[in-house]
Amino acid sequence: MVSDLQLRRENRVVIAHIYTATAAIALGAIFGVFQGFARADTIVAPSWFDYYRILTMHGVLMALVFTTFFITGLSLFVTYRSIPRERRLAVGWFGWGLMLVGTALAAVTIISGNATVLYTFYAPMKASPWFYIGATLLVLGTWVVAFEIFENINYFRKNNPGAPIPLVVFCAGATFVMWIVATLGVVAEMCLLIPWAFGWTHGINVLLTRMFFWYFGHPLVYFWIMGAYIIWYNIIPTRYGGNVFSDGLTRLAFIMLILLSTPVGIHHEFMEPGISTTWKMLHTLTTYGVAIPSFITAFAIFASFELAAIARGRRGFIATVRGLPWNDPTFSSAALGMILFILGGFGGLVNASYSMDTVIHNTVWIVGHFHVTVGGPVALTFLGAAYWMIPRLTGRALWKPHVALFQTRMWFFGMLIMSFSMHYAGLLGAPRRTAEVGYLGATTANVWQPYMLLAAAGGFFLFVSILTFVAVALGTLFQNAKTESMDVAFATPAQPATETPLMLQRLYRWGVVALALAILAYAGPLGELLRNPGYLAPGMRTW
Amino acid sequence: MHIHRYERWWMTFGIAMLVVFLLMIGFAAFADNINPPSGLQQVDPQKLSQTPPFDKPGLRKLPNGTYEAYYVAEVFNFIPATLSVPVGSKVTFYVTSADVVHGFFIPRTDINMMAIPGWVNTQSHTFTRSGDYLLICHEYCGIGHQNMFARIAVH
Ligand code: HEM
Ligand SMILES: [Cu+2]
Ligand SMILES: [Cu+2]
């Protein structure tokens, strides 16, 4: 066991990560609600209001900052608590510091109007080099955190020869193995963008930067989902007294996510010139493959619910659902998130379907889709997990749990309204990433305007929900009495881990296989492009 | 490692569904030739004014009765800004960008593609319904992006 002092020192690192994430989502929500109303033409924008600058902030804060800091914090937390030892925390702090400096640098360039390029920073729009440097530092900071996690895994393996890594640490480790493979793409892109933004190189291959970006961009999505899966598998069952359904299948799901998250990125480039249909078809195939670990997860979750109910002598669907702790903010966040994820999965199948993507590519359907996936299941699960972690990090009881419960439900309904309207408006043809979608009263546009208003109303619910979360998170910090135990127990498997085949206990070698698969999947399109690279763009500032 | 019988059924069902969907996509692609746009032709964006047919963007009628429409996307316009085609015509659109990345999207049709500097992208649609269509840039391209649209009249 570790000393109390040591525990507190570790907790402080995790608290720093989690509250940085909280700050990001709070700011992001303020921008988000503005976007909703601006798009619905309901606010007369003041002259200083720059829709795209705000949208850049929203995308960066939500997609890159909130999610990343939460996952690094969560992963450090599960690692520290599962592998007790005397440890120095310099690396943990250094990772956080690097991520924070990177974020601050990027934020300053955006706010000053020198990087209004949205979170995808597509060339040849050319932002301040410091924006790209900031984003790179954010990524490098996550590598430092990954190093910290791997170092602890190695320590565990050395001191427990032959024993499987604790399941929750395996899941966190797998998430970061996948992340390292994935972020190689964006770092490669930055190696092109940074010298170009400084003016040291005179042109950039636009298609190449897009290919590198989406090599990273899709697994970024799976990074978020793996973060949520860590919680669904290892923390949620403890809320209803259940178990992990199967140790081996959980590891299998995470290994499949390591392997299949990356070789799929071209599905974001279906509508582009310069990439043959052969490669687009190949990536459709692999994209379908990455649904399989989610099937495993869906089964495992429902099976775990049911086994827990049976253990309490309840049988049948209704009894199982009724017996779940719906009034527990942590459980209900995750469970409502799962319901949203089912909707998100259907939409994802459409997006991934090669030619069907023509109907909805770059319409607000896509915005509806990722809010009902990352904004729904992932963010909601994270907030629910924060309600569980914060008392265990601070020793303070959660401030007003019933308010937390209200927050969760508000989010669910807000998200249903916003994402339904966005999906529908997208089918009617409303574009995404656009400040106003009225097109001078064109009849085509009139059809979708009411849905933009409905989406704005849903967004307002979400905004209130996020503010409520921030109130609970901060309120807990300012509770005086330390009444809570800081002990943590993760869910244990119903089948013991010793039965798990050795192959499913490996981590790094699956990372190597994943890299090989990614190279295979990109060799075709990349080779095609490099044989015929074409025009090099000098870059320009169009904002 | 023990895998529960129900789990085997579930996974078989799931994977079978994926295979069915993939077969449908494959059938549409190979039998009906429904593919996403994938123009592989290159062009120099700085010499568009000297490069036919982009030196004179607009509509051409082909001998077989179908049409070709050439478009240049630039911040924050489409050239041509208006186009008029008879109802029932099949139009193949060709688009390239003179500067940054743009979108090329006509709601209620099969036309949805990216315009990337250096490349020509292409897609076809048969206009069976008459009316006024909007051509929208649906990729953020800068401060005036929301003003970037054109009109197509089908009569
Ligand atoms: C208060 C809650 C929120 C509201 C009202 C909101 C609203 C919006 C709206 C209206 C857009 C579309 C703007 C456009 O395409 O023109 C948008 C974009 C986006 N949102 Fe949210 N959102 C919220 C929360 C979130 C959360 C929790 C996440 C993720 C964790 C998220 C991630 C994104 C991303 C990645 C984009 C795309 C930005 C881009 O296209 O560059 N949002 N949001
Ligand atoms: Cu994707
Ligand atoms: Cu545009």
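Note that the coordinates shown come from a computational prediction; the quantities given were computed from them, not determined experimentally. (Residues numbered from 1 in each chain as written. Chains lettered and ligands numbered in written order. Predicted model: local features only at pLDDT ≥ 70, side-chain atom pairs only at ≥ 80, totals over all residues. Heavy atoms only, no water.)

1. Re the overall build of chain A
Stage number 1. Scanning chain A for helices and strands turns up 17 helices and zero strands.
Stage number 2. In summary, chain A has a C-alpha radius of gyration of 23 Å against a globular reference of 24 Å for 543 residues, a match within 12%.
Stage number 3. Taken along the three principal axes of its C-alpha coordinates, chain A extends 60 × 50 × 45 Å.
Stage number 4. When burial is assessed residue by residue, chain A has 66% of its 543 residues classed as buried.
Stage number 5. Counting contacts in chain A only where the partners sit at least 6 residues apart, residues at least 24 apart contribute 86% of the total. (Helix = DSSP H or I, 4+ residues; strand = E, 2+ residues; numbered from the N terminus. Rg over C-alpha atoms; globule rule 2.2 N^0.38 Å. Buried < 20%, exposed > 50% of the residue type's maximum accessible area, 1.4 Å probe, protein only. Contact = heavy atoms within 4.5 Å.)

2. A word on the site of ligand 1
All names here are of chain A.
Stage number 1. Around ligand 1 lies a shell of 27 residues, among which R39, Y51, H58, H371 and R433 are the nearest.
Stage number 2. Between an oxygen atom of ligand 1 and a side-chain N or O atom of R39, the distance comes to 2.7 Å.
Stage number 3. T434 is positioned such that a nitrogen or oxygen atom in its backbone is 3.3 Å from an oxygen atom of ligand 1.
Stage number 4. Sorting the residues of the shell around ligand 1 by element identifies α1 (4-39), α2 (51-82), α13 (364-371), α15 (401-428) and α16 (443-477) as the ones contributing at least two each.
Stage number 5. Per-element accounting of the shell around ligand 1 gives the leading share, six residues, to α1.
Stage number 6. Considering only residue class, the shell around ligand 1 consists of 17 nonpolar, seven polar and three charged. (Near = heavy atom within 4 Å. Polar contact = N/O pair within 3.5 Å; in protein donor to acceptor, adjacent residues only side chain to side chain. Nonpolar A, V, L, I, M, F, W, Y, C, P; charged D, E, K, R; others polar.)

3. Quick look at the coordination of the copper ion (ligand 2)
Residues and elements named next belong to chain A.
Stage number 1. Taken together, H218 (ND1), H267 (NE2) and H268 (NE2) make up the full set of protein donors to the copper ion (ligand 2), lying 1.8 to 2.0 Å away.
Stage number 2. Judged by relative accessible area, H267 falls into the buried class, the value being 11%.
Stage number 3. Relative accessible area serves as the criterion here: at 24%, H268 is assigned to the partly exposed category. (Donors = N, O, S within 2.8 Å, 3.2 Å for Na, K, Ca; no water.)

4. Some details on unusual backbone geometry
Stage number 1. The omega torsion across A123 of chain A and P124 of chain A is 5°, close enough to zero to call that bond cis.
Stage number 2. Within the secondary structure, P124 of chain A is located in the loop between α3 (90-111) and α4 (129-159).
Stage number 3. Positive phi, close to 50°, is recorded for K400 of chain A, a residue that is not glycine.
Stage number 4. Mapped onto the fold, K400 of chain A is located in the loop between α14 (374-394) and α15.
Stage number 5. One non-glycine residue with positive phi stands out, namely N33 of chain B, at about 60°.
Stage number 6. By secondary structure assignment, the location of N33 of chain B is in the loop between α1 (5-30) and β1 (41-42).
Stage number 7. Residue N33 of chain B is classed as exposed on the basis of its relative accessible area of 60%.

5. Remarks on a nonpolar patch on the surface
Stage number 1. A cluster of nonpolar side chains, V359, F420, Y424, L427 and L454 of chain A, forms an exposed patch at the surface whose accessible area comes to about 450 Å².
Stage number 2. The element that contributes the greatest number of residues to the nonpolar patch is α15 of chain A, accounting for three residues. (Patch = residues over 30% accessible without salt bridge, like charges linked within 9 Å, V, L, I, M, F, W, Y side chains within 5 Å. Areas by Shrake-Rupley, 256 points an atom, 1.4 Å probe, with all protein chains shown as cover. Salt bridge = Lys/Arg side-chain N within 4 Å of Asp/Glu carboxyl O.)

6. Comments concerning the interface of chain B and chain A
Stage number 1. Of the residues lining the interface, 60 residues belong to chain B; the matching set on chain A comes to 71 residues.
Stage number 2. Summed over the shared surface of chain B and chain A, the number is one salt bridge.
Stage number 3. The salt bridge involving R433 of chain A is made with E139 of chain B; its shortest N-O contact spans 3.1 Å.
Stage number 4. For the pair chain B and chain A, the number of links is 19 residue pairs in polar contact (both at pLDDT 80 or more).
Stage number 5. If you list the elements that add at least two residues to the side of chain B that touches chain A, you get α1, β8 (112-115), β9 (119-126), β10 (131-136) and β11 (149-154) of chain B.
Stage number 6. For the side of chain B that touches chain A, the element with the highest residue contribution is α1 of chain B, accounting for 13 residues.
Stage number 7. Across the side of chain B that touches chain A, the residue classes break down as 35 nonpolar, 17 polar and eight charged.

7. As for the domain arrangement of chain B
Stage number 1. Segmentation of chain B into domains returns domain 1 (1-35) and domain 2 (41-154).
Stage number 2. Distance between the C-alpha centres of domain 1 of chain B and domain 2 of chain B: 37 Å. (Domains from an automatic or database assignment.)

8. What to know about the nonpolar core
The tendency in soluble globular proteins is for nonpolar side chains to be buried as a group.
Stage number 1. Of all hydrophobic cores here, the largest spans 239 residues; its most connected members are F70, Y132 and W232 of chain A together with Y71, F93, F104 and I152 of chain B.
Stage number 2. Viewed by domain, this core spans two of them, domain 1 (1-35) and domain 2 (41-154) of chain B, each represented by three or more residues.
Stage number 3. Among all residues touching W232 of chain A, those that are not within four sequence positions of it are P237, T297, I301, A334, G337, M338, F341, P377 and T381 of chain A.
Stage number 4. Core analysis: the next-biggest nonpolar cluster, separate from the first, contains seven residues, L48, F54, Y94 and V120 of chain B among them. (Core = buried A, V, L, I, M, F, W, Y, C linked by side-chain atoms within 4.5 Å.)

9. Some thoughts on the packing of aromatic side chains
Residue and element names in this part refer to chain A.
Stage number 1. One pass over the full model with this rule turns up 52 aromatic pairs over all chains.
Stage number 2. Three or more aromatic residues link up through ring pairs in this structure, and these residues are F121, Y122, F131, Y132, F176, W179, F213, W214, F216 and F223.
Stage number 3. In this arrangement the basic side chain of R85 is found over the ring face of Y155, its NZ or CZ atom lying 3.9 Å from the centre.
Stage number 4. Cation over ring: R251 sits above F170, and NZ or CZ is 5.0 Å from the ring centre. (Phe/Tyr/Trp six-rings, centres within 6.5 Å; stacked < 30°, edge-to-face > 60°. Lys NZ or Arg CZ within 6 Å of the ring centre and 35° of its normal.)

10. Quick look at the pairing of strand β5 (residues 82-85) of chain B
Residues and elements named next belong to chain B.
Stage number 1. Side chains of β5 alternate between two faces, with L83 and V85 buried and T82 and S84 left unburied.
Stage number 2. Pairing analysis gives four bridges linking β5 to β11, with the strands arranged parallel. Paired with V85 across the strands is V154, a residue of β11. (Pairing = 2+ DSSP bridges.)

11. Brief notes about the pairing of strand β2 (residues 58-61) of chain B
Stage number 1. As judged from the four bridges shared by β2 of chain B and strand β3 (residues 67-74) of chain B, these two strands associate in the antiparallel manner. Among the inter-strand pairings, L59 of chain B is bridged to a residue of β3 of chain B, identified as A69 of chain B.

12. Re the packing of helix α5 (residues 167-198) of chain A against helix α7 (residues 247-260) of chain A
Residues and elements named next belong to chain A.
Stage number 1. In contact at an axis separation of 9 Å, α5 and α7 are set at 10° when each is read in the N-to-C sense. Comparing the axis directions of α5 and α7 gives the class roughly parallel. Together, L167, F170, C171, A174, T175, V177 and M178 of α5 and D247, T250, R251, F254, I255, L257 and I258 of α7 make up the contact between the two elements.
Stage number 2. Taken together, the residues that form the contact of α5 with α7 break down as ten nonpolar, two polar and two charged. (Axes fitted to C-alpha atoms, helices over the stretch in contact; angles between N-to-C directions. Parallel < 35°, antiparallel > 145°, perpendicular 65-115°, else oblique.)

13. Concerning the pattern of salt bridges
Residue and element names in this part refer to chain A.
Stage number 1. According to the stated counting rule, one finds nine salt bridges over all chains in the structure shown.
Stage number 2. R53 serves as the salt-bridge partner of D50, at 3.2 Å between the closest nitrogen and oxygen.
Stage number 3. D50 sits in the buried class, given a relative accessible area of 14%.
Stage number 4. R53 gets classed as partly exposed once you look at its relative accessible area, which sits at 30%.
Stage number 5. Across the pair R210 and E272 runs a salt bridge, and its minimum N-O distance is 2.7 Å. In this pair, R210 is assigned in helix α6 (residues 206-234) and E272 in the loop between α7 and α8 (277-289), connecting sequence segments 62 residues apart.
Stage number 6. Judged by its relative accessible area of 2%, R210 falls in the buried class.

14. Some words on the packing of α6 of chain A against helix α11 (residues 329-352) of chain A
Residues and elements named next belong to chain A.
Stage number 1. At a minimum axis distance of 11 Å, the contact between α6 and α11 shows a crossing angle of 135°. As summarised for this structure, α6 and α11 are arranged oblique, according to the angle between their axes. Judged by the sense of rotation from one axis to the other, the crossing of α6 with α11 is left-handed. In this structure, α6 contributes I225, Y229 and W232 to the contact, and α11 contributes A334, G337, M338 and F341.
Stage number 2. Counted by class, the contact of α6 with α11 contains six nonpolar, one polar and no charged residues. (Left-handed = near helix turned anticlockwise from the far one by under 90°.)

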